[in-house]
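# Architecture and fold: a report
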Amino acid sequence: MIYSQEVLLIYLKKKMLILMFLTSHIFTYMSLLKRLIYPTAAVRPSYWEKCFHGKWIVITGASHGIGKELAYRLIDAKANLFLIARTVTELEQISADAHKKNCACLFKAMDLRNRADLDSLCEELNETLPAVDYFFANAGKSIHSPISNALDRMHDYDRTMELNYRSLVAISLALLPTLSQRRGTIIYTSSVSSIFPPAPGWSAYHASKEAANVWCKTANVEFYRKGVSVKIAYMPLVHTQMSDVNETYRKMEAYSAQEAADILIRLSLNSKSYYKPWWTRLAEPFLPFLTPVIRFFYKYI
């Protein structure tokens, strides 16, 4: 009996060691998989400071997530900021931190979906800022709801379009004269999902993002002679307060808000007109063949 217990203990220890070995390798493979699907952008603080020192930069959606991390990255680069978001306490804290590092920082706490307030903001930007070098249009609203649930909720489409599309256009037009003088850049945070066939439940979100994408592509051509570049970041999943409301997304591998902010900064400084994850560029040539399959999946599975 004693012999049997000893054998059992040895057997269990071996199994435990095997399990620990496999678990460690699974986590290693998962980490490697994340690095492959979500490669990080190179962080170059000294170069960023050289590029952004003393420049005026406008950021929407600046109180949380990507916008907040973007603000702090640019504060470290000695940039001057005009921040726009709804949460006044967060904006006050970011502004205080900017002043500690001798950066000018103005902010406006408001809801960009309110047209009257948006018009007032556009006037204030023209009157307040001496110049603008970059505009990061980062504010966004995500909503997942079937079209049939919107029979008495047209405001879901209005609010999504107001924030994801109209605020981008309004602020860009307000800043265009000074951006032109400074040969500035507009960077729009879009979604990688807009590259692929639209998924059910995301009609309001996808429609607003596609509208903004088309406007940015057109503006990039029309503004060329004015010296203004317009760039689109087709961002994959990023863990933020907005995306993590969805339980499925919360459990998935994704960029952190800081990693996404680094991608936006890198895009703003390079010569490309867009950022896309490498795997979307591989998939795009096959989309004519994949699209019918994806649509069949959406319809019947």
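The structure this text deals with has already been given above.
Everything in this summary refers to the structure shown in the same document. (Residues numbered from 1 in each chain as written. Predicted model: local features only at pLDDT ≥ 70, side-chain atom pairs only at ≥ 80, totals over all residues. Heavy atoms only, no water.)

### Let's talk about the nonpolar core
Selection rule: Among buried residues, the Ala, Val, Leu, Ile, Met, Phe, Trp, Tyr and Cys ones that are joined through side-chain atoms within 4.5 Å form a nonpolar core. Summary of the burial criterion: residues with accessible area below 20% of their type's maximum are buried, those above 50% are exposed, and those between are partly exposed, where the area comes from a 1.4 Å probe applied to protein chains only. Secondary structure is summarised from DSSP: a helix means a run of H or I of at least four residues, a strand means a run of E of at least two, and numbering begins at the N terminus for each. Should any heavy atoms of two residues lie within 4.5 Å, those residues are counted as being in contact.
By size, the foremost hydrophobic cluster in this structure holds 40 residues, and its most contacted members are Phe 52, Ile 57, Ile 59, Leu 74, Leu 81, Leu 83 and Phe 136. Of all the secondary-structure elements, those providing two or more residues to this core are α2 (45–52), β1 (56–60), α3 (65–76), β2 (80–85), α4 (88–100), β4 (134–137), β6 (229–235) and α9 (257–269). Residue contributions to this core peak at 7 residues, all from α9. Excluding its chain neighbours within four sequence positions, the residues that come into contact with Leu 74 are Phe 52, Ile 57, Ile 59, Ala 79, Leu 81, Phe 136 and Ile 265.

### Details of the packing of α3 against α4
We count it as follows: All axes are obtained by fitting lines to C-alpha atoms, using only the stretch in contact for helices, and the reported angles, taken between N-to-C directions, cover 0 to 180 degrees. Small angles under 35 degrees read as roughly parallel and large ones over 145 as roughly antiparallel, with 65 to 115 read as roughly perpendicular and the rest as oblique. We call Asp, Glu, Lys and Arg charged. Ala, Val, Leu, Ile, Met, Phe, Trp, Tyr, Cys and Pro are nonpolar, and the rest, Gly among them, are polar.
Look at α3 against α4: their axes get within 10 Å of each other, and the N-to-C directions meet at 10°. On the basis of the axis angle, α3 is roughly parallel to α4. Every residue of α4 that contacts α3 at Lys 68, Ala 71, Tyr 72 and Ile 75 is listed here: Glu 90, Gln 93, Ile 94, Asp 97 and Ala 98. Its residues placed into classes, the contact of α3 with α4 shows 5 nonpolar, 1 polar and 3 charged.

### Focus on the environment of Glu 49
One can find Glu 49 in helix α2. Taking the C-alpha atoms as reference points, Glu 49 and Arg 73, 24 residues apart in sequence, are found 9.7 Å from one another. When sequence neighbours within four positions are dropped, the list of residues in contact with Glu 49 reads Asp 76, Ala 77 and Lys 78.

### Remarks on the pairing of β6
Put simply, the test is: DSSP-based pairing: two strands are paired if at least 2 bridges between them are found.
Burial analysis of β6 places 6 of its 7 residues in the buried class, the great majority of the element. Judged from the 7 bridges that link them, strand β5 (residues 185–191) and β6 form a sheet pairing that is parallel. Across the sheet, Thr 189 pairs through a bridge with Ala 233, a residue of β6. Where β6 lies against strand β9 (residues 274–275), 2 bridges are found, and the strand directions are parallel. Residue pairing in the sheet places Ile 232 in a bridge with Tyr 274 of β9.

### Section: the pairing of β4
This is how the line gets drawn: Note on handedness: a clockwise path from strand one over the helix to strand two, with the strands aimed away from the viewer, defines a right-handed crossover.
Burial along β4 is two-sided: Tyr 134 and Phe 136 and Phe 135 and Ala 137, pointing in opposite directions, are all buried. Note: β1 against β4, 3 bridges, orientation parallel. Among the inter-strand pairings, Val 58 is bridged to a residue of β4, identified as Phe 135. With 4 bridges connecting them, β4 and β5 associate as parallel partners. From the neighbouring strand, Ala 137 faces β5, where its bridge partner is Tyr 188. With helix α6 (residues 154–182) bridging β4 and the parallel β5, this β-α-β connection has right-handed handedness.

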